[in-house]
Amino acid sequence: MDWSVTRADFPILDQKVHGQPLIYFDNAATTQKPRVVLDCLRSYYERDNANVHRGIHELSNRATTAFEAARARAARFLNARSADEIIFTRGTTEGINLVANAWGPKNLRAGDKILLTEMEHHSNIVPWQLLAARTGAELRFLPVTGDTGLLDLNHLDDYLTKEVKLFAMTHISNSLGTINPVIELCTRARKLGIPTLVDAAQSAGHRHLDVQEIGCDFLALSGHKMCGPTGIGVLYGRQEILEPMPPFQGGGEMILNVSFQKSTWKHAPHRFEAGTPDISGAVGLHAAMDYLDNLGRQKIAAHDQELGAYAYEKLARFKGDIRLFGPHIGRAGVVSFLLKDVHAHDVVTVADQRGVALRGGHHCNQPLMHKLGVESTARASFYFYNTTQEIDRFVGVLGEIQKFFGA
Ligand SMILES: Cc1ncc(COP(=O)(O)O)c(C=O)c1O
């Protein structure tokens, strides 16, 4: 497959930054949007815009049809059994908060354990901390092996015990590039009757995802990390687990009947979507899912891994003192590193002057950073429109940075 052709689908990539051709390596934060998604948003607002589920007029019918078609598309994208298992959210963070707030209080008691891993993003830690404070439940963390960034699966049985009432894990680490064996983890949890949540923020647009094959109860993703617009995401919930869950937020759209004192709710997923949803976002996400499937998610995954391995190898042979984080093999297209005696923010600032967009900081993984004994790392994260030539140029820029700081 000639990936350089796909670059032309992304108008934003064709520009210079600080006089240099843009190299966009901040895809773990958000991906760029192909023209088909941009066109689709424009066409929705120019032709069909109206509120959903309320009006009887033509535009409202069109908007509702488009919104519900996006839900059906998301169900197919994840191989959910039904569109009723798809809740539209603002993104992964809101999806996890929805589970913590709607499922959590009814299902957790003081002393129960919530199992997470040490490589979770803050959005898969903080909602559980808030829930733990409300219920008296406690958090447990499956350890990460150190700089190699793997989960310590040899000790899984010590952590995944019958006191655990939920196991929530990231599929792909946004700072280490680790791809976790979610099928195995969910299977092990299911054998003990423990519900599971998969944070698919970094995997959804990057590889084949099948919620039935994974066997999870919940899976959360963000549209903006998979070529879709910002402000839209999906929470998959297995129908049996969603049905008895109380609402997350109250308001319009989610009710059957309201009196002054009491209300009754719609069935899932509408019960969890209070207020006017991000209709154009869902429509744009539909286009993004079509676009990704036309490219082929298996091919995207293979290309990601090629770019990740290529960058890792190049950096491992870098002439200079460099510390690399994450697994040596089988990594996703995310590489975190530190140049000795150069702060990650300095690396990112100077790289930006050369047209290379990186990220430096704790990547919303502060507990993991502390465990690894660092405050921050610099991170390059790739997507299918990136090339090995760009990686070569980025490594050259790192050489210049090293010289510049005399490291
Ligand atoms: C692994 C992981 N989980 C969750 C999130 C949160 O995603 P969002 O900010 O789109 O809700 C991110 C974002 O970087 C992430 O990388």
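Residues numbered from 1 in each chain as written. Predicted model: local features only at pLDDT ≥ 70, side-chain atom pairs only at ≥ 80, totals over all residues. Heavy atoms only, no water.

Inspection of the secondary structure assignment puts Asn180 in the loop between strand S7 (164–170) and helix H7 (182–191). Of the residues examined, Asn180 reaches a relative accessible area of 4% and is grouped as buried. Sequence separation between Asn180 and Gly223 is 43 residues; the distance between their C-alpha atoms is 21 Å. In contact with Asn180, not counting residues within four places along its chain, are Met119, Leu151, Thr170, His171 and Leu185. (Helix = DSSP H or I, 4+ residues; strand = E, 2+ residues; numbered from the N terminus. Buried < 20%, exposed > 50% of the residue type's maximum accessible area, 1.4 Å probe, protein only. Contact = heavy atoms within 4.5 Å.)

Another aspect to go through is the environment of Arg90. For Arg90, the position within the fold is in the loop between strand S4 (86–89) and helix H4 (92–107). Sequence separation between Arg90 and Phe384 is 294 residues; the distance between their C-alpha atoms is 24 Å. Setting aside residues up to four positions removed in sequence, Arg90 forms contacts with Gly231, Ile232 and Gly233.

Moving on to the packing of aromatic side chains. By the definition in use, this model includes 15 aromatic pairs. Taking the centre distance of 5.9 Å and the plane angle of 40° together, the rings of Trp3 and Phe384 count as tilted. Of this pair, Trp3 sits in the segment before helix H1 (4–7) while Phe384 sits in the loop between strand S17 (377–381) and helix H14 (388–404), placing them 381 residues apart in sequence. Looking at Trp3, the relative accessible area reads 11%, which means it is buried. Among the residues examined, Phe384 registers a relative accessible area of 0% and is labelled buried. (Phe/Tyr/Trp six-rings, centres within 6.5 Å; stacked < 30°, edge-to-face > 60°.)

So, about the nonpolar core. Judged by nonpolar contacts, the single largest core of 100 residues is most densely connected at Leu78, Phe167, Leu219, Phe384 and Phe394. If you tally residues by element for this core, the top one is helix H10 (residues 279–295), at 10 residues. Not counting residues up to four positions away in its chain, the partners in contact with Leu219 are Leu78, Val198, Ala200, Leu209, Val211, Ile214, Val234, Leu235 and Tyr236. One finds Ala100, Trp103, Leu108 and Ile241 within the second-largest nonpolar core, a separate group that totals 24 residues. (Core = buried A, V, L, I, M, F, W, Y, C linked by side-chain atoms within 4.5 Å.)

Turning to the site of the ligand, a few remarks are in order. Neighbouring the ligand are 13 residues, the closest being Thr93, Asp199, Gln202, Ser222 and Lys225. A distance of 3.4 Å is found between an oxygen atom of the ligand and a backbone nitrogen or oxygen belonging to Thr92. Between Gln202 and the ligand, the recorded distance is 2.7 Å, taken from a side-chain N or O atom to an oxygen atom. In isolation the ligand has 390 Å² of accessible area, and contact with the protein removes 85% of it. (Near = heavy atom within 4 Å. Polar contact = N/O pair within 3.5 Å; in protein donor to acceptor, adjacent residues only side chain to side chain. Areas by Shrake-Rupley, 256 points an atom, 1.4 Å probe, with all protein chains shown as cover.)

If you walk across this open sheet you meet the four strands as S13-S14-S17-S16, and the pairing is antiparallel. The open sheet has two edge strands, strand S13 (322–325) and strand S16 (359–361), and neither has a second partner. Neighbouring strand axes in the sheet, compared pairwise and without regard to direction, differ in orientation by 30° on average. With four bridges connecting them, S13 and strand S14 (residues 334–339) associate as antiparallel partners. (Pairing = 2+ DSSP bridges. Axes fitted to C-alpha atoms, helices over the stretch in contact; angles between N-to-C directions.)

By secondary structure assignment, the location of Ser123 is in the loop between strand S5 (113–117) and helix H5 (126–135). Classification of Ser123 by relative accessible area gives buried; the value is 9%. Within the structure, Ser123 has its side chain in polar contact with the side chain of His121 (distance 2.9 Å). If near-sequence neighbours (up to four positions away) are discounted, Ser123 is found in contact with Thr93 and Ile96.

On to helix H12 (residues 344–353), then. Ala344, Val347, Val348, Val350 and Ala351 are the residues of H12 that are buried. Contact partners of the buried residues in H12: S14, strand S15 (356–357), S16, S17 and H14. Immediately beyond the C-terminal end of H12, within one or two residues, lies Gly355, with a positive phi of roughly 85°.

Turning our attention to the confidence of the model for the chain. Put simply, the chain has an average pLDDT of 96, and 100% of its residues get 70 or more. Ranking the elements of the chain by mean pLDDT puts H1 last with 89 and strand S9 (residues 218–222) first with 99. (pLDDT = per-residue confidence, 0-100.)

What follows is about the pattern of salt bridges. Where charged atoms from two side chains of opposite charge come close, those side chains can pair. Enumeration over the complete set of coordinates arrives at 27 salt bridges. Measuring nitrogen to oxygen at the nearest pair gives 3.5 Å for the salt bridge that ties Glu163 to Arg140. Of this pair, Glu163 sits in the loop between helix H6 (156–159) and S7 while Arg140 sits in strand S6 (residues 138–142), and the two are 23 residues apart along the sequence. Exposure remark for Glu163: the relative accessible area of 31% places this residue in the partly exposed category. (Salt bridge = Lys/Arg side-chain N within 4 Å of Asp/Glu carboxyl O.)

With that out of the way, let us pick up the pairing of strand S11 (residues 255–258). Both S11 and strand S12 (residues 263–265) contribute to a ladder of three bridges, which runs antiparallel. The residue of S12 that forms the bridge with Ile255 is Trp265.

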